[in-house]
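Residue-level structure breakdown
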Amino acid sequence: MDPSEVEFLAEKELVKIIPNFSLDKIYLIGGDLGPFNPGLPVDVPLWLALNFKQRQKCRIIPPDWMDVEKLEEIRELEKREEAFTPVPSPYYMELTKLLLNHASDNIPKADEIRTLVKDIWDTRIAKLRLSADSFISQQEAHAKLDNLTLMEINTIREFLLDSLNCMYKLRSNLQPGSSGRTFTDF
Amino acid sequence: MDAQSYHPVPPGVGTEENFLSLDDILLSHQRLPVRTECAFPRLGFLDRSSDSEDLPEGTKMELPLWLSKGLYERKRRVLSVKLPNVYREGWRTVFTADPNVVNLHKMGPYYYGLGSQMLHFDSPENTDIAQTLLQTFIGRFRRVMDCSQNAYNEDTSSLLERLDCLEKALFQAGQSGLNGFQSWEKGRASQLTASSLVLNYRKRKMADVED
C-alpha cells in the first residue's frame, strides 16, 4: 500500500468548518452534507474542507486534539508507556500533514504542533521496531498490537512480511523430508 | 501502484528451488567439493588437475550444485559431497557466538540458500546446520532492520557489503518502505515524475536525431 493511498483513506475523516457562502443541502452518494450558512459551523469530510479552503470559501477549525497542551500530554504518556497508547485519531499523521500544509493560518502554534506530532510518531515507530525485533527473535507465532494506525503499519509491512517469509523458509528446513524428496530428472 | 512493472520470481522455499527464479539459478552455480565413489569413464576433462582420460574412484574435485544434486543418490553411491567450510563445526560455533560479526558476502553470497540446499545431501550434521542457519538469521535481523530503516538518502554500500543476498533483498524492502514514507511526507508523492523504465531506456529525442 502506498502512503498516498493511506492519505486518501484519511480524507474521509470529518472536520468542522465555518463557510463564508451559503448553499442548500447537497446529496452525495456517501451521505448528505448539510446546508451551508455563512458563519455557522458544519461538519464535512476532510477532502471537501480542503477543497473549500483552497478556493477560500471557508475557515477550518482544528480538531480538539490538535492543541499544544494535549499533544504534550500524549507525548509524555507515549514515552512512559511500553505499549502503544490510544491515539487521538486513527489518522493523526495524515490529518496533521494535510491541515498544516493547507490551513496553517487557521491553526494556532502550527510549528510546535508539527514538532510534537513528529515526536509522537518517532516514539511509536521505535516501539514498533522493538516489538518486531522481539517477535522475530523469540519466533512467536502471532502477536497482538493495540492502537496502531494504518500509516505506521504501512511503513513496516513489506519488510516484516518478507522477513517472516524468510524465517518460514529456514524453519521448514528443520522438518526433515516431510514433502518427500523429488529430484528432477536430467 | 507499485513502481515496478513486473515482479521477479522469488527464490524457493527451504530445500526446494524455484525453477524460474534467477537467484536460485545463480545459486546453483556455486561449486562444492565432492569425492567420486565410483569411476567416471572418459570424463577426465571435468577435473582440471588430472591428465588421464578416466576419473578413477576417490577423486576429489569441485562440481557445481546443480550437477551434484542430480548425481547424488543414497542407494547407488556415485558421489559424496563434503560440506563447505562455512557450514562446518568451527564456523558454526562462530555463528552461535556472534552472528553480526561475520561478513556473509565474502563467505559465499548465498549463505542461506546454499545452506538450505546442502540439506539434500544427508549429512549427519543436518539438524545442526538447519538450526545454525535459523539462529544466524535471527541474530542478524536486528542489524538489517536498523540499517534499512534509518539510512535515508545516504550511501548504503558500506552497510550492504557484509550482507548475504537474502538479507540484501530484505534491506531493499525496508528502504522502499522508508523512502515511500519520506517522499509522501515531503509532498513529493503526488508529483508526476518520469518512470524509471523510460529514463533507463534513454530513447533518443527527435532533436538529437536531426543533428
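Residues numbered from 1 in each chain as written. Chains lettered and ligands numbered in written order. Predicted model: local features only at pLDDT ≥ 70, side-chain atom pairs only at ≥ 80, totals over all residues. Heavy atoms only, no water.

To be explicit about the condition: UniProt positions are given in the numbering used here, feature names are shortened, and annotations may be inferred rather than shown by experiment.
The name recorded for chain B in an unreviewed UniProt entry is DNA replication complex GINS protein PSF3, from Oryzias melastigma. UniProt's Subunit (unreviewed entry) comment on chain B is quoted here verbatim: "Component of the GINS complex." The UniProt entry for chain B carries the following text under Sequence similarities (unreviewed entry): "Belongs to the GINS3/PSF3 family."

Per an unreviewed UniProt entry, the recorded name for chain A is DNA replication complex GINS protein PSF2, and the organism is Oryzias melastigma. The UniProt entry for chain A carries the following comment under Subcellular location (unreviewed entry): "Nucleus".

1. Here we look at a negative patch on the surface
Residue and element names in this part refer to chain A. Put simply, the rule reads: Within the patch definition used here, like charges are joined within 9 Å and nonpolar side chains (Val, Leu, Ile, Met, Phe, Trp, Tyr) within 5 Å, considering only residues with over 30% relative accessible area and no salt bridge. Surface exposure here means Shrake-Rupley accessible area, sampled with a 1.4 Å probe, where a residue is shielded only by the protein chains that are shown. The term salt bridge refers to a side-chain nitrogen of Lys or Arg lying within 4 Å of a carboxyl oxygen of Asp or Glu. Here the positive residues are Lys and Arg and the negative ones are Asp and Glu; neither His nor the chain ends is included. The location of each charge is read from NZ of Lys, CZ of Arg, CG of Asp or CD of Glu. Secondary structure elements are taken from DSSP: a helix is a run of H or I of four residues or more, a strand is a run of E of two residues or more, and numbering for both begins at the N terminus.
Taken together, the side chains of Glu69, Glu72, Glu73, Asp111 and Glu112 make up a negatively charged region of the molecular surface. Per-element accounting of the negative patch gives the leading share, three residues, to helix H3 (residues 68-80). Checked against the element boundaries, glutamate 69 lands in helix H3.

2. Details of the sheet that holds strand E3 (residues 79-81) of chain B
Residue and element names in this part refer to chain B. Put simply, the test is: Strands were regarded as paired on the criterion that DSSP finds at least two bridges between them. Helix axes are fitted only over the stretch in contact, all axes being lines through C-alpha atoms; the angle between N-to-C directions runs from 0 to 180 degrees.
Here three strands make up an open sheet; going across it, the order is E2-E1-E3 and the pairing antiparallel. One side of each edge strand has no neighbouring strand; the edge strands of this open sheet are strand E2 (60-64) and E3. Within the sheet, the average angular offset between the axes of one strand and its neighbour, ignoring direction, is 45°. For strand E1 (residues 31-36) and E2, the ladder comprises five bridges, and the chain directions are antiparallel. Across the sheet, proline 33 pairs through a bridge with glutamate 62, a residue of E2.

3. Observations regarding the UniProt feature "domain: GINS subunit" (unreviewed entry) in chain A
In the numbering used here, UniProt assigns the "domain: GINS subunit" (unreviewed entry) feature to residues 65-167 of chain A. Between the first and last C-alpha atoms of residues 65-167 of chain A the distance is 41 Å; the span itself is 68% helix and 0% strand.

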